[in-house]
Amino acid sequence: MVYLVRHAHAGNKAEWNGPDLDRPLSAAGNAQAAGLVARLGGYPVGRILSSPAERCRQTVEPLARHRGLTVEPTDLLGVDAAVDGVLALLGDPTLRHSVLCTHGELISQVFERLVAAGLDLPSGPRWQKGSIWVLGRADGQVAAASYLEPLATC
């Protein structure tokens, strides 16, 4: 099982004066990040990987603290990353019970590929900010998916 997380709500991009990678979570985003701890409370988590973007790191930091883990930044989950890198992470057997936090644009591309490869999503793909996809794997491929809404929404 792997958990694919879309970063929580961040401040308005147009109103942010610094580099986009440094844009932090909003108050609503911090509430969504706290909700991630509860949402994954009954799931095993062994590692946490994140896009280098501040908003992704901040999304998973409460979970990392709660589980006594560190957040491992990787460019493979970055805002400009290639979908093939994310798909490789999803199929990596060493990342069992890992949280992967990334961006909506990348999650969209991931699900486009997964559905084209035959993944059944009865309710269709979606990726609200702060949401989680619980992805089951078989033979190195994503074989099942269930969606967890964010606990706090904006």
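The preceding data block contains the structure.
It should be emphasised that the depicted structure is a prediction, and the values quoted were computed from it without experimental measurement. (Residues numbered from 1 in each chain as written. Predicted model: local features only at pLDDT ≥ 70, side-chain atom pairs only at ≥ 80, totals over all residues. Heavy atoms only, no water.)

**Student:** Which residues make up the environment of Thr59, and what values do they have?
**Tutor:** Mapping Thr59 onto the fold places it in helix α2 (residues 54-67). Spatially, the C-alpha atoms of Thr59 and Ala144 are 24 Å apart, while their sequence positions differ by 85 residues. Discounting chain neighbours no more than four positions away, the residues touching Thr59 are Val5, Arg6, His7, Ala8, Leu25, Ala33, Leu36 and Cys101. For Thr59, the side chain forms a polar contact with the main-chain oxygen of Arg55, separated by 2.6 Å. (Helix = DSSP H or I, 4+ residues; strand = E, 2+ residues; numbered from the N terminus. Contact = heavy atoms within 4.5 Å. Polar contact = N/O pair within 3.5 Å; in protein donor to acceptor, adjacent residues only side chain to side chain.)

**Student:** So what about helix α1 (residues 27-39)? Which residues, and what values?
**Tutor:** For an α-helix, 3.6 residues make a turn, and residues three or four places apart therefore share a direction. Taking 1.5 Å of rise per residue, 13 residues should cover 18 Å, and α1 covers 18 Å from first to last C-alpha, within 8% of that figure. Of all the residues in α1, the buried ones are Gly29, Gln32, Ala33, Gly35, Leu36 and Val37. The elements touched by buried residues of α1 are β1 (2-6), α2 and β5 (132-138). (Expected span 1.5 Å × (residues − 1). Buried < 20%, exposed > 50% of the residue type's maximum accessible area, 1.4 Å probe, protein only.)

**Student:** Go over helix α3 (residues 83-91) with me, naming the residues and quoting the values.
**Tutor:** Residues of α3 that are buried include every one of Val83, Gly85, Val86, Leu89, Leu90 and Gly91, and no others. Looking at the buried positions of α3, the neighbouring elements they touch are β1, β2 (47-50), β4 (98-102), α4 (104-116), β5 and β6 (141-148).

**Student:** An account of the pairing of β5 is requested, with residue identities and associated values reported.
**Tutor:** The sheet contact formed by β1 and β5 spans four bridges and is antiparallel. Looking across to β5, one finds that Val2 is bridged to Leu135. When β5 meets β6, the two strands line up antiparallel, connected through seven bridges. Opposite Leu135, over in β6, you have Ala145 as the bridge partner. Count of turn residues in the β5/β6 antiparallel hairpin: two residues, of which Asp139 carries a positive phi of about 55°. (Pairing = 2+ DSSP bridges.)

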